[in-house]
Amino acid sequence: MDSSHLRRARFPLGASRPVASPIQPSVVYASRDADALDDQYEGRVEGYTYAREGHPNADTLARLIDGLEGAEDGLVVGSGMAAVTVAMLANLKSGDHVVGADQLYGRSLRLMREDLPRFGIATTLADSTIAGEIEAAIRPETRMILIETVSNPTLRVSDIEGVARLATEKGILLAIDNTFTTPRVLQPLSLGADIVIHSVTKLLAGHSDATLGYVAARDAGTRDRMKILAATMGLTPSPFDCWLAERGLYSFEMRFDRAASSADKLAGALSAAKGVKRVIYPTHPAHPDHKRAMALLGGIGGNMVSFELDGGRERVNRFLSAVSEIPFAPTLGDIGTTISHPASSSHRALSVDQREALGITEGFIRVSVGCENPDWLVSTIVDGVSSSV
Ligand SMILES: *Cc1c(COP(=O)(O)O)cnc(C)c1O
C-alpha cells in the first residue's frame, strides 16, 4: 500500500467559529519562520510553542476561574495538590517557615509534615479558627500561612479576617485553599489573601472525570514565579481534562446552589432523626462557628454535611448498605451525592486518639450533597439512618 499521502493535515477552519471550545491536544506548535518565533518569545505576538509551557484549553479554563475568583492571570495545573505545591515551592526557600492550619486536606498536611522539612523548610500546624493560635505559631522567618476556608470533614470555618489582618501586619503571604467553599460563597483575594488555591477536580469541574488544580496570586511577580515553576516541574494539565472541566464549570453555579440548598435541608432532617448523635453544618445554630459562618459565608452552608451515627463500624456498614444507591466514595463536589467515612479513608493514617481529638469517631459520616431530587435524597439518607439502628 502506498502511504505517501499520510502527511500532516491542515485542520479546516472556515469563516464561522465553533461555539464549544475545541480540544487542542497538540503538544507542539509550528511557526512561519525564525523571525516569527522571535516575535512570539519576545511577547510581540501571542502564541503557543510547547504544551508543557501552556496550551489553549488550560488558558480558557483559567480565564473562566479568574472571573469567578476576581483573580488575574491564574494558572491551571495538573491537580489540586500540584496547585498547593506550586504555591509553596515558588515562594519558599530553605530556611523559611510555614504555618499551616491543623485541619488541612490530608495531602497538604503530609506536604507540611514530611516533605517541606526535607527541603529545609520548617512548618508548624495551628488552629485556623483562632487567629491568636496562628499568631502564636509565627516566627521571625515565617514566610507563608496556608489555611482552608472550611475544613474537611469537621467543617470548621477559619477566621479568615483575623488571619488576613495578621498576615498583612507581619508581611507574610497568606494562601487560602478555597476548594470546599468555592467563589460562589467567598473570594479569598478580596478578603486579603495573597494566593487562592483550588482543587478544580471537586466542585468547579463537578463530574469526577477530570483531575485539575488552579492557583492565582494578587502580585504579578508571584504569578510569574508560579508559572515558571509549574512549567519547569512539569505540573501541566491535560488538554482533555481542561476541556471537560470547562464544560462542567458552565453549570457550576446552578449545581452549587441546588446542592447547598439540599444540604441545608438534609442537615435539618438529620438533626431531627433518631440514632444521630450530632449533625455538623456550618450555618446551623449548633455549629461551633455558626456566627462566623453567617457573616463570612453570608449564611450559605455549602454542599457538605457531616454527622455522627450513634454506634460504631457495624452501624456504619448497615447504614452504607441501606443507602447503596448513593456511591460510598472518598471524593466531593460531584454532580451526584457521595458518602464517605473519614475514619477508614481520608483520616485513616491518624491514630484513634488523633481522630478522637478532631471528633472523628467510627460513626462519623461525611456527605457531599449533589444535584439529585432533594426529597429523594433527604428521605433516602434519613430512612437509611433509621433502618440501620
Ligand atoms: C481534593 C483536595 C485537594 C487536592 O486536590 P486534587 O485535585 O485531588 O489533587 C486539595 N485541597 C482540598 C481542600 C481538597 O479537597
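Residues numbered from 1 in each chain as written. Predicted model: local features only at pLDDT ≥ 70, side-chain atom pairs only at ≥ 80, totals over all residues. Heavy atoms only, no water.

### Observations concerning the site of the ligand
1) Next: Around the ligand there are 13 residues in total, and Gly80, Asp177, Ser199, Thr201 and Lys202 lie nearest to it.
2) Next: Take Asp177: an N or O atom from its side chain is 2.7 Å from a nitrogen atom of the ligand.
3) Next: Measuring from an oxygen atom of the ligand, one finds a side-chain N or O atom of Lys202 at 2.8 Å.
4) Next: When the free accessible area of the ligand is taken as 380 Å², the share hidden by the protein chains comes to 92%.
5) Next: The class makeup of the residues in the shell around the ligand is five nonpolar, five polar and three charged. (Near = heavy atom within 4 Å. Polar contact = N/O pair within 3.5 Å; in protein donor to acceptor, adjacent residues only side chain to side chain. Areas by Shrake-Rupley, 256 points an atom, 1.4 Å probe, with all protein chains shown as cover. Nonpolar A, V, L, I, M, F, W, Y, C, P; charged D, E, K, R; others polar.)

### Regarding the packing of helix α9 (residues 252–271) against helix α13 (residues 374–387)
1) Next: The contact between α9 and α13 brings their axes to 10 Å, and the two run at 30°. Considering the relative orientation of α9 and α13, their crossing is right-handed. Where α9 approaches α13, its residues Arg258, Ser262, Lys265, Leu266, Ala269 and Leu270 are matched on the opposing element by Pro374, Leu377, Val378, Ile381, Val382 and Val385.
2) Next: Class assignment for the residues of the contact of α9 with α13 results in nine nonpolar, one polar and two charged. (Axes fitted to C-alpha atoms, helices over the stretch in contact; angles between N-to-C directions. Helix = DSSP H or I, 4+ residues; strand = E, 2+ residues; numbered from the N terminus. Left-handed = near helix turned anticlockwise from the far one by under 90°. Contact = heavy atoms within 4.5 Å.)

### A few points about the environment of Ala349
1) Next: Considering the arrangement of structural elements, one finds Ala349 in the loop between β10 (338–340) and α12 (352–358).
2) Next: Taking the relative accessible area as the measure of exposure, Ala349 reaches 76% and is therefore exposed.
3) Next: Each C-alpha atom of the pair Ala349 and Thr149 lies 23 Å from the other, and the pair is 200 residues apart in sequence. (Buried < 20%, exposed > 50% of the residue type's maximum accessible area, 1.4 Å probe, protein only.)

### Quick word on the pairing of strand β2 (residues 97–101)
1) Next: Burial of β2 is extensive: five of the five residues sit out of reach of the surface.
2) Next: Where β2 lies against strand β3 (residues 122–126), five bridges are found, and the strand directions are parallel. In the strand pairing of β3, Val99 is matched with Thr124.
3) Next: In this fold, β2 hands off to helix α4 (residues 106–118), which returns the chain to β3; that crossover is right-handed.
4) Next: Two elements, β2 and strand β4 (residues 142–148), share four bridges in a ladder whose sense is parallel. Paired with His97 across the bridge in β4 is Thr142. (Pairing = 2+ DSSP bridges. Right-handed = clockwise from strand over helix to strand, strands pointing away.)

### Details of α13
1) Next: Its 14 residues give α13 an end-to-end C-alpha distance of 20 Å, which sits within 8% of 20 Å, the value for a rise of 1.5 Å per residue.
2) Next: Here α13 has its buried residues at Pro374, Leu377, Val378, Thr380, Ile381, Val382, Gly384 and Val385.
3) Next: The N-cap residue of α13 is Asn373: its side-chain oxygen and the backbone nitrogen of Asp375 are 2.8 Å apart. (Expected span 1.5 Å × (residues − 1).)

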